[in-house]
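Listed here are the chains, written in short residue letters.
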Amino acid sequence: MRGLAVSVALVVAAVVLAIVGGSGGEPAAGIDTTPRFVDASALGDLEGSLEHQIYWAGERPGFRLELKEEAEGSVYLRYLPPGVEAGDPEQRYLTVGTYPVLEAVAALRRASARSGVPLKHLDDGGVVLPNAASAGSVYIAYPGSDLQIEVYDPTPGESLRLIRAGAIGPVG
């Protein structure tokens, strides 16, 4: 049953990205897409080499930070407990994805209209779109930004709680 839920969540995420659109740019050459453990300083270095910020949930004691880059510029940060190896296929850990998406707020508005799920608004001007098919996944975008952030936590409501608490932000 859990495998089916994970499969559905991955399909929904792909559909949302297709609806909102990607950056439209060419894939970057030489990107290592293998999941690997990193520390905060390595994230700062990576952020400096990318053409966009990376969002995360900060350092979390007791967790190791797994980085997975995609050739088109998407970055996934997963918080793994001790004993879980980088690349573990389980989708039961806090994950923050940063995706290049042109006019990210407008893209979320279009996705909201198509899905019938209303946008929520943050005090800092951000807009939030809960993923109707996955109670653990929420998308965020900020005015003037070409980035979309996805926060996933397997506990329903936890992603939105983290966002509203201000726990999700850029690395640098």
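Structure: see above.
So, how was this worked out
- Here the residue index of a chain counts from 1 through its sequence in written order.
- Only residues with pLDDT of at least 70 get local features here, since the model is predicted, and only at 80 or more are side-chain atom pairs given and counted; chain-wide, interface and lining totals rely on the full set of residues.
- To get the side-chain values, all heavy atoms of the structure are used, and hydrogens and water are removed first.
- Put simply, DSSP H or I for four residues or longer makes a helix, DSSP E for two residues or longer makes a strand, and each gets a number counted from the N terminus.
- Only protein chains enter the accessibility calculation, which uses a 1.4 Å probe. A residue is then buried if its area is under 20% of the maximum for its type, exposed if over 50%, and partly exposed in between.
- Whether two residues are in contact is decided by their heavy atoms: any pair within 4.5 Å suffices.
- Working rule for helices: expected span equals 1.5 Å times residues minus one.
- Directions drawn from the helix axis to the C-beta atoms are what define this arc.
- Geometry of aromatic contacts follows a simple scheme: Phe, Tyr and Trp rings, the Trp one being its six-membered ring, pair when their centres are within 6.5 Å, and the pair is stacked under 30 degrees between planes, edge-to-face over 60, tilted otherwise.
- Two thresholds decide whether a charge sits over a ring: the Lys NZ or Arg CZ must be within 6 Å of the ring centre and within 35 degrees of the ring normal.
- Among buried residues, the Ala, Val, Leu, Ile, Met, Phe, Trp, Tyr and Cys ones that are joined through side-chain atoms within 4.5 Å form a nonpolar core.

## Here's the deal with the overall build of the protein chain
Now for step 1: Scanning the protein chain from terminus to terminus reveals four helices and ten strands.
Now for step 2: Start at the N end of the protein chain and walk to the C end: the helices and strands fall as α-β-α-β-β-β-β-α-β-β-β-β-α-β.
Now for step 3: For the protein chain, the proportion of its 172 residues judged to be buried stands at 43%.
Now for step 4: Relative to all contacts within the protein chain whose residues are 6 or more apart in sequence, the contacts with residues 24 or more apart total 51%.

## Section: helix 3 (residues 104–115)
Now for step 1: Given a rise of 1.5 Å per residue, twelve residues ought to cover 16 Å, and the 16 Å separating the end C-alpha atoms of helix 3 matches this to within 8%.
Now for step 2: Where helix 3 is concerned, the buried positions are Ala104, Val105, Ala107, Leu108, Ala111 and Ser112. Each buried residue of helix 3 sits inside an arc of 160° when the element is viewed along its axis, so together they form one side. Of the exposed residues in helix 3, those oriented more than 90 degrees away from the buried face are Ala113 and Arg114.

## A word on the packing of aromatic side chains
Now for step 1: Tallied over the full model, the rule gives two aromatic pairs.
Now for step 2: Note on Tyr55 and Tyr142: the rings are 6.3 Å apart at their centroids and 10° apart in plane angle, and the pair reads as stacked. Of this pair, Tyr55 sits in strand 2 (residues 55–56) while Tyr142 sits in the loop between strand 8 (137–141) and strand 9 (147–152), and the two are 87 residues apart along the sequence. For the pair formed by Tyr55 and Tyr142, the shared burial category is buried.
Now for step 3: Here the basic side chain of Arg60 rests over the ring of Tyr79, its NZ or CZ set 5.9 Å away from the ring centre.
Now for step 4: When the ring centre of Phe37 is taken as origin, the NZ or CZ atom of Arg64, which lies over that ring, is 3.9 Å away.

## Digging into the environment of Glu51
Now for step 1: Tracing the backbone shows Glu51 in the loop between helix 2 (40–49) and strand 2.
Now for step 2: The class for Glu51 is exposed, based on a relative accessible area of 84%.

## What to know about the nonpolar core
Now for step 1: Among the nonpolar cores identified, the biggest contains 27 residues, and Leu43, Leu77, Ile140, Ile149, Ile163 and Ile168 are the most heavily contacted of them.
Now for step 2: Among the nonpolar cores identified, the runner-up in size contains 13 residues, and Tyr99, Ala104, Leu108 and Leu129 belong to it.

Bear in mind that shape data such as this cannot, by itself, settle questions of function.
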